[in-house]
Amino acid sequence: MNKIVGKEGLSDKVVKFEIEAPLIAKSRKPGHFVIVRVGKKGERVPYTIAAADPQKGTITLVIQRVGKSSEKLCQLNIGDYVTDLVGPLGKATHIENFGTVLCAGGGVGVAPMLPIIEGMKKAGNKVISVLAARTKELIILEEQVRKFSDEVIIMTDDGSYGEKGLITNGVENVIQREKVDLCVTIGPAIMMKFVSELTKKYDVPTIASLNTIMVDGTGMCGACRVTVGGKTRFVCVDGPEFDAHQVDFDEMLMRLKAYN
Amino acid sequence: MNNEYLKAERAQEWRETLRKSMKNKDRTDLPRVKMPEVPPEIRCHTYDEVNLGLSLEQAIGESHRCLDCVDPTCITGCPVEINIPKFIKNIERGEILEAAKTLKETSALPAVCGRVCPQERQCESKCFYTLKLKKEPVAIGYLERFAADYERNSGQISIPDVAPANGIKIAVVGSGPAGLSFAGDMAKMGYDVTVFEALHELGGVLRYGIPEFRLPNEIVDFEIDVLKKMGVKFLTNCIVGKTILQEDLVAEGFRGIFVGSGAGLPNFMNIPGENLNGVMSCNEYLTRINLMQAADPESDTPIHLGKKVAVIGGGNTAMDAVRTARRLGAEKAMIVYRRSEEEMPARIEEIKHAKEEGIEFLTLHNPIKYESDANGRVQRMLLQRMKLGDPDASGRRSPVAIEGDTVWIDVDEVIVSVGVSPNPLIPQSFSGIEVTSRGTIVVNNDTMQSAVKTIFAGGDIVRGGATVILAMGDGRKAAKSMHEYLSSNQTE
Ligand SMILES: Cc1cc2nc3c(=O)[nH]c(=O)nc-3n(C[C@H](O)[C@H](O)[C@H](O)COP(=O)(O)OP(=O)(O)OC[C@H]3O[C@@H](n4cnc5c(N)ncnc54)[C@H](O)[C@@H]3O)c2cc1C
Ligand SMILES: Cc1cc2nc3c(=O)[nH]c(=O)nc-3n(C[C@H](O)[C@H](O)[C@H](O)COP(=O)(O)OP(=O)(O)OC[C@H]3O[C@@H](n4cnc5c(N)ncnc54)[C@H](O)[C@@H]3O)c2cc1C
Ligand code: SF4
Ligand code: SF4
Ligand code: FES
């Protein structure tokens, strides 16, 4: 049982939680995620650790309401407890000074991107962040992203904020303008697929953080498997980050529909 | 176990009186008891336990068959060397609680082992009846289950005596049978034991793997409760090597660590179509159903209930999956196994139960590819027909493909159950321990001690996929030798 000590709505659909988890707050690194369960009949659902405060013993999760389990979590309030919380899971992001790093985050994918942006900046990189969403209200965490980015480009589908266009337009502009050493992309699978196709064309090494369906999150079930470079890998233990150019996104998209 | 000790016990008056009370000839003429079962037509639709357990009369009747042999060979077949004639003769004289106590001298989980041990390959295979009389062995497993259940239902449970607390902290990684039996023995010796479990429930495979129709959760809970009463602490949702590191444990004053992290990593065959929707590992299937209760409409965890289900493999795990699928409404539930039935590693009782429940057995068949419908769901599988060739290194005849002989079969769910590998979490995150190319932790077989003197290991993480009783035996052995090690290194 872990107590919720902070809750804030970032948009209609997105809620930020601060939850007590002292051991995880101490041991987690950028890129790690946790598995959360709400209620005795609840599902085990993975969420990225967006931030942590080891002194306070808390971690921050940013949750998008998309269905039953995320909705259940978003219904909880300060003082409530999540039934189970386990982590940190997955491999940490490989952070070093690459030169110029382009971070392309779509929708709620900006939340898991945040610790990576921060880490990359602190490692001495020039960080260019491209945030994208359908419309202005869905752009989240802009202020925090700005704090650790040399430049922030905002893209909305309807042009209600920043530039009008898809995330790929923003990414392509940057790549055409200057040399990018690494691209990191997190967001809906379909978005990561298009970003990956684009950066492949320009030969920009790209890392994608995959959000497959999971059960245990510890390598025990294989629900999270994806094909990377022709080999089956488990996202929860071998990932969640992989060389995007090697990921079979079509298979992943198909597998995400397993229970629709 | 010490022979002198066995002899002394056998020489006790009450045992002699019992031996004299009936002629051996009359004992051996008695037929072996039949386990009462829920009829197949009914049990196909419920999750209730299939075996109902013996009645008191049946148990006492069966106990008369045991000859209380001078040389009880049955004991040599039991990995934890339960004093089999002693517990059976206690049943014969009606002292069932004494029988249960005898079991607990050496086994931490008798109600579990009485249900899931492959007895026909262990104790019962070494019974005098099997070896010398060529008759059906004494039903040791059934009697063991009976005594343990009797005690549990009697309300007069003996909580083992615990030595005065010595204040020494011991960490256990994993709450499967290896970890539980280790924890119990260490608690008995007065240690301050904490079990760390990665999942949100305790019991390891006993909880997430073996289904309730074979091992009700209530029994696992009960055994864990006994450990709690003995002072063992449990921490769920805590992954050693992730949530808490090796060095954290040392820094927090844990003087010894026992690793019982199991063989939780599922193997796949790496054939085309294996990542289609509807194809999953046995661990995923059983975890969804057993741990997450996905078949309960109230549960948030989804499961697709297949109508034509194929389970690939021939072990206990495969039998559990296929019989579960049947209970969840599969009209066609099949076992696909590349060797013949004789080579199947599953317990004979499980194979028999599966057949009674209408499971089809496609032996000498091996999948080579899966194909999907337009939505990416598995629709059919291509099977290669096999024949048995010459015996391989393991002595089993190895299957060889019959060139060109293949068959398509329609399926809407495939459960891959072709073995598991050791859980890589601890081997990857602990420093100093030695790991084999198969991913198992190297220990001294006599002491279960690893290359790091304060770290011991046992169960599937050392053996690869094995059995409950072997895991338990390892836990006990490790407890004994860790105690010896810590006692002789007090000065540190
Ligand atoms: C490593 C990782 C990190 C993630 N981090 C975040 C995060 O920080 N914030 C956030 O909002 N979301 C995150 N997700 C996604 C989040 O887990 C899913 O959105 C959530 O499971 C949806 O569940 P639901 O019941 O609310 O929606 P549903 O209605 O069940 O499903 C909505 C969609 O999510 C898919 N889905 C179902 N179950 C899972 C599952 N267990 N894991 C992934 N997808 C699933 C479904 O196929 C469907 O397409 C992450 C996923 C992974 C794998
Ligand atoms: C479906 C199925 C049916 C079976 N049927 C039988 C049978 O009929 N008879 C029989 O004798 N055997 C059977 N077996 C085999 C038997 O269950 C195993 O050999 C036995 O459970 C091994 O025990 P263990 O304690 O080594 O590991 P496990 O039971 O696997 O327990 C290991 C535990 O450690 C936890 N863990 C792993 N890593 C960590 C970590 N880093 N930190 C914290 N916790 C961790 C895991 O979550 C798990 O709970 C069956 C197995 C399966 C899967
Ligand atoms: S523990 Fe298993 S092998 Fe030993 S006597 Fe009991 S049933 Fe037989
Ligand atoms: S070998 Fe068989 S008959 Fe003899 S003591 Fe053991 S169980 Fe009884
Ligand atoms: S979620 Fe089970 S193996 Fe990755």
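None of the values given here were measured: they were computed from a predicted structure. Note on numbering: residues in each chain are counted from 1, in written sequence order. Here the convention is simple: chains get letters from A, ligands get numbers from 1, in the order in which they are written. Note on the predicted model: pLDDT of at least 70 is required for a residue's local features to be given, and 80 or more for side-chain atom pairs to be given and counted; whole-chain, interface and lining totals, by contrast, use all residues. Hydrogens and waters are ignored; side-chain quantities use all the structure's heavy atoms.

J.: Can you lay out the domain arrangement of chain A for me, pointing to particular residues and giving the numbers?
T.: Residues and elements named next belong to chain A. Here the domain parsing of chain A yields domain 1 (2–89) and domain 2 (100–259). Residue ranges assigned to each domain were obtained from an automatic or database domain assignment. Measuring from the centre of the C-alpha atoms in domain 1 to the corresponding centre in domain 2 gives 21 Å. Between two residues, a contact is recorded if the distance between any of their heavy atoms is within 4.5 Å. The interface is formed by 18 residues belonging to domain 1 together with 19 residues belonging to domain 2. Across the interface of domain 1 and domain 2, roughly 1400 Å² is buried in total on both sides, 69% from carbon and sulfur atoms. Joining two parts hides part of their accessible area as seen by a 1.4 Å probe, and the buried area is that hidden amount summed over both. When the buried area of domain 1 at its contact with domain 2 is split by residue, F33, R44 and A50 rank highest and sum to 27% of it.

J.: Lay out the sheet that holds strand β8 (residues 332–337) of chain B with the relevant residues and their values.
T.: Residues and elements named next belong to chain B. Here we have five strands laid out as an open sheet, ordered β6-β13-β7-β8-β9, and parallel in their pairing. The outermost strands of the open sheet, each flanked by one partner alone, are β6 (279–281) and β9 (360–363). Taken pair by pair, the neighbouring strands of this sheet meet at an average axis angle of 20 degrees, ignoring direction. DSSP bridges decide pairing: two strands pair if at least two such bridges lie between them. The numbering of helices and of strands both runs from the N terminus, where a helix is a DSSP run of H or I of at least 4 residues and a strand a run of E of at least 2. Alignment of strand β7 (residues 308–312) against β8, held across five bridges, turns out to be parallel. Its bridge partner lying in β8, A310 is registered against M334. Helix α16 (residues 316–327) contacts β7, β8, β9 and β13 (413–416) of the sheet and is inclined by roughly 165 degrees relative to β8. Angles run from 0 to 180 degrees between N-to-C directions of axes, and those axes are lines fitted to C-alpha atoms, restricted for helices to the stretch in contact.

J.: Could you give me a rundown of the sheet that holds strand β5 (residues 58–64) of chain A, with the residues and numbers involved?
T.: What the seven strands build is an open sheet, ordered β6-β1-β2-β5-β4-β3-β7 (chain A); its pairing is antiparallel. In this open sheet, the two edge strands, each paired with only one partner strand, are β6 (81–82) and β7 (84–89) of chain A.

J.: Help me get a handle on the site of ligand 3, residues and values and all.
T.: The criterion for a residue being near a molecule or strand is simple. One of its heavy atoms has to lie within 4 Å of it. The immediate surroundings of ligand 3 are formed by B:C78, B:P79, B:I82, B:I84, B:C113, B:C117, B:Q119, B:Q122, B:C123, B:I140, B:E144 and B:I469. Each residue receives one of three labels: charged for Asp, Glu, Lys and Arg, nonpolar for Ala, Val, Leu, Ile, Met, Phe, Trp, Tyr, Cys and Pro, and polar for the others, Gly being one of them. Tallied by class, residues from the shell around ligand 3 come to nine nonpolar, two polar and one charged.

J.: Which residues make up the domain arrangement of chain B, and what values go with them?
T.: Residues and elements named next belong to chain B. Domain annotation for chain B reports domain 1 (2–154), domain 2 (169–264 + 422–488) and domain 3 (266–416). Centre-to-centre, using C-alpha coordinates, domain 1 lies 29 Å away from domain 2. Surface buried jointly by domain 1 and domain 2 totals about 1900 Å² across both partners, of which 74% is contributed by carbon and sulfur atoms. Just to be clear on terms, a salt bridge is a Lys or Arg side-chain nitrogen sitting within 4 Å of an Asp or Glu carboxyl oxygen. Linking domain 1 to domain 2 there are zero salt bridges. The set of elements that each furnish at least two residues to the side of domain 1 that touches domain 2 consists of α7 (96–106) and α8 (110–116). If one sorts the elements of the side of domain 1 that touches domain 2 by residue count, α8 sits on top with six residues. Split into classes, the residues belonging to the side of domain 1 that touches domain 2 amount to 13 nonpolar, three polar and six charged.

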